[in-house]
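Residue-level listing of the chains:
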Amino acid sequence: MELALLANVLPRIVRTLNANPTAWSSNVSGDVGSFPSNDEILAATFEAESLIITRGYFQSINKDLAQAFMVMSAVLAHRANIPFHYGNPGKVEVAHSSAVKTFVDAGVSAGSDTITLTAHGLVTGQNISFLTTGVLPAPLAITTDYFVIVVDANTIKLATSYANALIGTAINITSAAGGGTHTLLPWREGIETKNVAAFLTAMANPNYIPLTDYIHLFALEGGSFYHPATYGRIELPIYTRTAALQVNQSEETLVWATAIRFLTKHSTPVEFDKFIAESERGIQQLVADGQYKEGIS
């Protein structure tokens, strides 16, 4: 599906505003009776897109709408609150405290691609990341995902992707002089249970996959979660403004109506009520139906 175009939306906004001159008897752009500038119209358009994405896409029953905006959050501490954002977390991952490994700079040689990690227990392709009390050996960075290449029981290499790990394409470590203790976190997706009772019931089921294969998360009241690990992280949908619109072309009318809503928010003429109503109706339609159908022209 094509993305909406500013070249289509902006002229439509200008035509609509010109067709309703009574708006300029009120404070629209900061000055009474002043037509909004090009910058104000552009800003309102991006504000409209932000509202549509964060309230419509992220809460939609159509999961694909938010897919382009899924990004990994930073590492969360044990029992940390899940960061608030419109929409539910896409995935929660945790690292078993028993599987967390530490090493110091002596385990890494500059100009090499290997890390010495005694009895690491990792498998090729496993997703890991790092924390550190000092500075990681270059070019490694905290909160960046890496993928394991197993050399032997005590040695690993790292790849930038799962595909690279499978073919053995490793990252060259250019510096080992960072200092501090480095913690390697092996991530695994968990299974969520609402409370301890639900977890115990599941474990009593002979058809249930045992704890050794999956990590269980406990969702608590107030947006907190608990898990039998030291570290956790989640994926959340995040809207990041770019120079172009990111909503689908089918939402161009909704962007137009919502931008008019923002540009005329200090005005009271009745002719603008229909834009406010269409903006709300369209966003709710994205949430409930997963797609927007134009209800205004």
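Conventions we followed
Throughout, residues of each chain are indexed from 1 in the direction in which the sequence is written. Restriction of local features to residues with pLDDT of at least 70 applies here, the model being predicted, together with a cutoff of 80 or more for giving and counting side-chain atom pairs; totals for whole chains, interfaces and linings are based on all residues. Side-chain descriptors were evaluated using all non-hydrogen atoms of the structure, hydrogens and water having been removed beforehand. Working definition: helices are DSSP H or I runs of at least four residues, strands are E runs of at least two. Numbering for both runs from the N terminus. Summary of the burial criterion: residues with accessible area below 20% of their type's maximum are buried, those above 50% are exposed, and those between are partly exposed, where the area comes from a 1.4 Å probe applied to protein chains only. Here, Shrake-Rupley sampling with a 1.4 Å probe gives the accessible areas, and only protein chains in the shown set may cover a residue. Strands are labelled as partners when DSSP assigns at least two bridges between them. When two rings of Phe, Tyr or Trp (its six-membered ring) have centres within 6.5 Å they constitute a pair, described as stacked for plane angles under 30 degrees, edge-to-face for angles over 60, and tilted for the intermediate range. Summary of the metric used: pLDDT quantifies the predictor's per-residue confidence within the range 0 to 100. With axes taken as lines fitted to C-alpha atoms, and helix axes fitted only over the stretch in contact, angles between N-to-C directions fall between 0 and 180 degrees. Helix crossings fall into two classes, left-handed where the near helix is turned counterclockwise from the far one by less than a right angle and right-handed where it is turned clockwise. Between two residues, a contact is recorded if the distance between any of their heavy atoms is within 4.5 Å. Ten residue types, Ala, Val, Leu, Ile, Met, Phe, Trp, Tyr, Cys and Pro, are classed as nonpolar, four, Asp, Glu, Lys and Arg, as charged, and the remainder, Gly among them, as polar. Throughout, the term roughly parallel applies to angles under 35 degrees, roughly antiparallel to angles over 145, roughly perpendicular to angles from 65 to 115, and oblique to all others.

Draft legend 1. Focus on the overall build of the chain. Helix and strand content of the chain: 7 helices and 13 strands. Considering the chain as a whole, with its 297 residues, one finds that 43% of them fall into the buried category. By element, 55% of the accessible surface of the chain is carried by carbon and sulfur atoms, the whole surface being about 14,700 Å².

Draft legend 2. Region of interest: the pairing of strand β13 (residues 229–237). Of the pairings in the sheet, the one linking strand β1 (residues 70–72) to β13 comprises 3 bridges and is antiparallel in character. The partner of Met72 across the bridge, within β13, is Glu235. For strand β3 (residues 91–96) and β13, the ladder comprises 6 bridges, and the chain directions are antiparallel. Note on β13: the bridge partner recorded for Val94 is Gly232.

Draft legend 3. Representation of the packing of aromatic side chains within the structure. One pass over the full model with this rule turns up 5 aromatic pairs. For the ring pair Trp256 and Phe275, a centre distance of 5.3 Å and an interplane angle of 90° mean the geometry is edge-to-face. Remark: Phe275 occurs in helix α7 (residues 273–289) and Trp256 occurs in helix α6 (residues 252–263); sequence separation between them is 19 residues. Take Trp256 and Phe275: they sit in the same class, and that class is buried. One aromatic cluster is present, formed by Tyr57, Phe58, Phe69 and Tyr239 through successive ring pairs.

Draft legend 4. Quick peek at the sheet that holds strand β8 (residues 155–159). Ordered in space as β4-β9-β6-β7-β8-β5, the 6 strands form an open sheet in which the pairing is antiparallel. A single partner strand is all that each edge strand has here, and the edge strands are β4 (101–103) and β5 (115–116).

Draft legend 5. Fine view of the pairing of strand β6 (residues 127–132). Both β6 and strand β7 (residues 146–152) contribute to a ladder of 2 bridges, which runs antiparallel. Bridge pairing in β7 places Asn127 opposite Phe147. As paired elements, β6 and strand β9 (residues 182–186) share 5 bridges and run antiparallel to each other. Bridged to Ser129 within β9 is Leu185.

Draft legend 6. Inspection of the confidence of the model for the chain at higher detail. Of the residues in the chain, 82% reach a pLDDT of 70 or more, and the chain-wide mean stands at 82. Ranking the elements of the chain by mean pLDDT puts strand β2 (residues 76–77) last, at 65, and helix α4 (residues 162–167) first, at 96.

Draft legend 7. The arrangement of the packing of helix α1 (residues 6–18) against helix α2 (residues 38–57) in detail. Between α1 and α2, whose axes approach to 11 Å, the crossing angle comes to 120°. In this structure, the crossing between α1 and α2 has a hand that is right-handed. On α2, the residues that touch Leu6, Val9, Leu10, Ile13 and Val14 of α1 are Ile41, Leu42, Thr45 and Phe46. Here the residues of the contact of α1 with α2 sort into 8 nonpolar, 1 polar and no charged.

Draft legend 8. Structural view of unusual backbone geometry. In this structure, Pro139 follows Ala138 across a cis peptide bond, with omega equal to 5°. Within the secondary structure layout, Pro139 lies in the loop between β6 and β7. Phi is positive for Ala119, which is not a glycine, with a value near 50°. The residue Ala119 is located in the loop between β5 and β6 in this model.

Draft legend 9. Layout of the packing of α2 against α6. Axis separation between α2 and α6 bottoms out at 8 Å; the angle between their running directions is 120°. Overall, the two elements α2 and α6 adopt an arrangement that is oblique. With respect to the hand of their crossing, α2 and α6 are arranged in right-handed fashion. Here α2 contributes Glu40, Ile41, Ala44, Thr45, Glu47, Ala48, Leu51, Ile52 and Arg55 to the contact with α6, which in turn contributes Leu254, Val255, Thr258, Ala259, Arg261, Phe262 and Leu263.

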